[in-house]
Amino acid sequence: MNRFTTTTESEAVVAAERAAIWAVLTDPALLPRLTPLLTGIDTHGDHWRWSMMRLAVLGVGIQPTFTERMRFADGSEESRIDFTHEPPPDVHEFTGADGWYRLREAAAGTHLAIRLTLHVELPLSRLASPAVVGLMNVTLQRTGDRFVTNLLHHLDADEVPGSRVTR
């Protein structure tokens, strides 16, 4: 088994109130309806278990399920969500994510920034890294784009033109 990792960051201004975006990002029942490939989230306090659709990576079938410790900004700030891969004791998960969402007021709505580092362990050679990471990047980009489209539709909002940055 080898571990493959990729990181993506994106930000945009959404013409919606911060509280409305926060409500979506903290709703484990709604997120699977807006996020492609995500089939469900089970919550146990601040631990959320994310379940994904079955995927094929260079001929290897995987159905990622991973546990994240969710940390929400204290009080009524609704400004930051941090998540860290933290499986239950004595459980090995082959997939996980670490990252954050940041929300802050902007002139035209809410500035939303996201950072996500995804890792997956696969029975593939390290030599496959460029292909695996490339596929991970394409999948993250498409999933992220579709999530944004679904989020905007759900909020009946628009993205402020020229505000999106992806790295």
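Use the structure listed above.
These numbers were taken from a predicted model, which means no experiment stands behind them.

A. Main features of the layout of surface pockets. Roughly 1100 Å³ of volume is contained in the largest pocket. Together, 49 residues line the largest pocket, and Thr35, Leu116, Leu140, Thr143 and Gly144 are the ones closest to its centre. Of all the secondary structure elements, the ones that give two or more residues to the lining of the largest pocket are strand S1 (2-14), strand S3 (47-52), strand S4 (55-57), strand S6 (65-72), strand S8 (95-106), strand S9 (109-122) and helix H3 (129-155). Ranked by the residues each element gives to the lining of the largest pocket, the list is headed by H3, at 13 residues. Residue classes in the lining of the largest pocket are distributed as 32 nonpolar, ten polar and seven charged.

B. Looking closely at the sheet that holds S1. Taking strand neighbours across the sheet as the criterion, the eight strands line up as S2-S3-S6-S7-S8-S9-S1-S10 in an open arrangement whose pairing is antiparallel. Either end of the sheet is taken by a strand with one partner, and the two such strands are strand S2 (38-44) and strand S10 (165-166). As paired strands, S6 and strand S7 (residues 80-85) are joined by five bridges and run antiparallel to one another. The residue bridging Phe72 from the neighbouring strand is Ile81, located in S7. With respect to the sheet, H3 is in contact with S1, S9 and S10, its orientation differing from that of S1 by roughly 30°.

C. The arrangement of helix H1 (residues 18-25) in detail. Residues of H1 that are buried: Ile21, Trp22, Val24 and Leu25. Axial view of H1: buried residues confined to an arc of 160°, hence all on one face.

D. Geometry of the pattern of salt bridges. According to the stated counting rule, one finds nine salt bridges in the structure shown. The partner of Arg164 in a salt bridge is Asp145, and the shortest N-O contact between them spans 3.1 Å. With Arg164 in the loop between H3 and S10 and Asp145 in helix H3, this pair connects stretches of sequence that are 19 residues apart. Overall, Arg164 belongs to the partly exposed group, its relative accessible area being 34%. Among the residues examined, Asp145 registers a relative accessible area of 29% and is labelled partly exposed. Connected via shared salt-bridge partners are Asp46, Arg69 and Glu86.

E. Region of the structure containing the environment of Gly99. Looking at the secondary structure, you find Gly99 in strand S8. Owing to a relative accessible area of 13%, Gly99 belongs among the buried residues under this scheme. Not counting the four nearest positions on each side in its chain, Gly99 is found in contact with Ile81, Asp82, Phe83 and Arg115.

F. Here's a closer look at the pairing of S3. With six bridges connecting them, S2 and S3 associate as antiparallel partners. Note on S3: the bridge partner recorded for Asp42 is Arg49. Hairpin connection of S2 to S3: two residues between the antiparallel strands, including Gly45 at a positive phi of 65°. The pairing of S3 with S6 spans five bridges and is classified as antiparallel. In the strand pairing of S6, Ser51 is matched with Thr65.

Rules of the game
Residues numbered from 1 in each chain as written. Predicted model: local features only at pLDDT ≥ 70, side-chain atom pairs only at ≥ 80, totals over all residues. Heavy atoms only, no water. 1 Å grid on protein atoms, 1.4 Å probe; cavity = no way out; pocket = protein on both sides within 12 Å on 5 of 7 lines; lining within 4 Å. Points joined across faces, edges and corners; volume = space filled by probe spheres on them. Helix = DSSP H or I, 4+ residues; strand = E, 2+ residues; numbered from the N terminus. Nonpolar A, V, L, I, M, F, W, Y, C, P; charged D, E, K, R; others polar. Pairing = 2+ DSSP bridges. Contact = heavy atoms within 4.5 Å. Axes fitted to C-alpha atoms, helices over the stretch in contact; angles between N-to-C directions. Buried < 20%, exposed > 50% of the residue type's maximum accessible area, 1.4 Å probe, protein only. Arc of directions from axis to C-beta. Salt bridge = Lys/Arg side-chain N within 4 Å of Asp/Glu carboxyl O.

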